Amino acid sequence: MVLGLDPPSATLIATAVLAAALLALALRKREFRTSPLHIASGLGVGLLVIAGWVATSILRDELSLAPARVTSLTFVGPTAELLSWTGTTGPLQLPGFAVASVGGTALGALLVALLTGTFRLEGFADTADAARSLLGGAMMGVGGVLALGCTIGQGITGLATLSLGSLLTLVAIITGARIGLAALMWSVEADA
């Protein structure tokens, strides 16, 4: 009993309070409120997280020796699974949900970029830019593994479950991003 409430009621109230706070945070900027693309994208990602839980719960087999885990969108672990799947499976073995979601995201992004004419190859401005990007990528990879997830896995999917670990991870991700951006701006101003 939390504050005299049974666990389902306390969970419902906590979910409503968190959802209201996040909605207020998202809608506080006029640029976001007036952008149908951003609103539709946010709703789409949220619905995809729900669809992931539904799909993996439907595929769950209670009688299996190793039943499938109910899960949804995340990319750190599944990227490793994708690498393992491509190197160790035969052509007839279908990928699991995690591998399919990583591959589907990459193929979907490519398809949208090609269909909208926004596809382009990009490179680095100079050697220092490449070095910063490689260091940042390595730090993000290590951080994603240590945090057991990324901005999607912990920040969206995990937070939707009201996980305290996901909330702490999201706070750390936002703090790290702010520090990184401040350091980048300082280095750009120092070079100018």
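Preceding this section is the structure that the text describes.
Residues numbered from 1 in each chain as written. Predicted model: local features only at pLDDT ≥ 70, side-chain atom pairs only at ≥ 80, totals over all residues. Heavy atoms only, no water.

**Considerations on the overall build of the protein chain**
Quick note on the threshold: Going along the chain from the N terminus, every DSSP run of H or I of four or more residues is numbered as a helix, and every run of E of two or more is numbered as a strand. Each residue gets one of three labels from its accessible area relative to the maximum for its type: buried under 20%, exposed over 50%, partly exposed in between, using a 1.4 Å probe on protein chains only. Contact definition: two residues touch when any of their heavy atoms are within 4.5 Å. Per-residue accessibility takes into account occlusion by the displayed protein chains alone, with areas from the Shrake-Rupley method and a 1.4 Å probe. Positive charge is attributed to Lys and Arg, negative charge to Asp and Glu, and no charge count is given to His or to the chain ends. Here the site of a charge means atom NZ of a Lys, CZ of an Arg, CG of an Asp or CD of a Glu.
A count of helices and strands for the protein chain gives eight helices and zero strands. Along the protein chain, helices and strands appear, N-terminal first, in the series α-α-α-α-α-α-α-α. By principal-axis analysis of the C-alpha atoms, the protein chain measures approximately 60 × 50 × 35 Å. Taking all 192 residues of the protein chain together, 16% fall into the buried category. Nonlocal contacts in the protein chain, meaning residues at least 24 apart in sequence, comprise 46% of its contacts between residues at least 6 apart. With the model as given, the accessible surface of the protein chain reaches about 14,100 Å², and the carbon-plus-sulfur share is 73%. The positive charge centre, built from 9 side chains, and the negative charge centre, built from 10, are 9 Å apart in the protein chain.

**Some points on the packing of helix α4 (residues 76-88) against helix α5 (residues 97-116)**
Spelled out, the test is: The convention used is that axes are lines fitted to C-alpha atoms, helices contributing only their stretch in contact, and that angles between N-to-C directions extend from 0 to 180 degrees. An angle counts as roughly parallel when it lies under 35 degrees, as roughly antiparallel when it exceeds 145, as roughly perpendicular when it falls between 65 and 115, and as oblique in every other case. Each residue gets one label: Ala, Val, Leu, Ile, Met, Phe, Trp, Tyr, Cys and Pro are nonpolar, Asp, Glu, Lys and Arg are charged, and the others, such as Gly, are polar.
Interhelical geometry of α4 versus α5 gives an angle of 95° and a closest axis separation of 8 Å. In terms of orientation, α4 and α5 fall into the roughly perpendicular class. On α5, the residues touching Pro 78, Thr 79, Glu 81, Leu 82 and Trp 85 of α4 are Ala 98, Val 99 and Val 102. Here the contact of α4 with α5 is composed, by residue class, of six nonpolar, one polar and one charged.

**Examining the pattern of salt bridges**
The following threshold applies: Salt bridge, as used here, is a side-chain nitrogen of Lys or Arg placed within 4 Å of a carboxyl oxygen of Asp or Glu.
Evaluation of the coordinates by the stated rule reveals two salt bridges. One salt bridge connects Glu 122 with Arg 120, and the closest N-O pair in it is separated by 2.9 Å. With a relative accessible area of 62%, Glu 122 lands in the exposed category. On the basis of relative accessible area, Arg 120 is assigned to the exposed category, the value being 59%. The shortest N-O distance in the salt bridge between Arg 132 and Asp 129 comes to 3.7 Å. A residue pair is termed a helical-turn pair when its members lie 3 or 4 positions apart in one helix, as Arg 132 and Asp 129 do in helix α6 (residues 127-146) at three residues.

**Some thoughts on a nonpolar patch on the surface**
How we decide: Distance thresholds for patches are 9 Å for like charges and 5 Å for nonpolar side chains (Val, Leu, Ile, Met, Phe, Trp, Tyr), applied to residues having over 30% relative accessible area and no salt bridge.
Side chains of Leu 47, Ile 50, Val 54, Ile 58 and Leu 59 sit close together on the surface and give an oily, nonpolar patch of about 520 Å² of accessible area. The topology assignment puts Ile 58 in helix α3 (residues 36-58). With relative accessibility at 64%, the residue Ile 58 sits in the exposed group.

**Focus: the environment of Ser 84**
Of note, Ser 84 is situated in helix α4. It is 9.5 Å that separates the C-alpha atoms of Ser 84 and Val 99, two residues lying 15 residues apart in sequence.

**Observations regarding the environment of Ala 147**
Counting through the fold element by element, Ala 147 comes out in the loop between α6 and α7 (153-158). For the pair Ala 147 and Ile 173, spaced 26 residues apart in sequence, the C-alpha separation works out to 9.6 Å. For Ala 147, the contacting residues outside a window of four places in its chain are Gln 154 and Thr 169.

**Some thoughts on the side chain of Ser 35**
Here is the rule we go by: Here a polar contact means two N or O atoms within 3.5 Å. Within protein one must be a hydrogen donor candidate and the other an acceptor candidate, and residues neighboring in sequence count only if both atoms are side-chain atoms.
Inspection of the secondary structure assignment puts Ser 35 in the loop between α2 (30-33) and α3. Residue Ser 35 is classed as buried on the basis of its relative accessible area of 13%. One polar contact links Ser 35 to His 38, side chain to side chain, over a distance of 2.5 Å.

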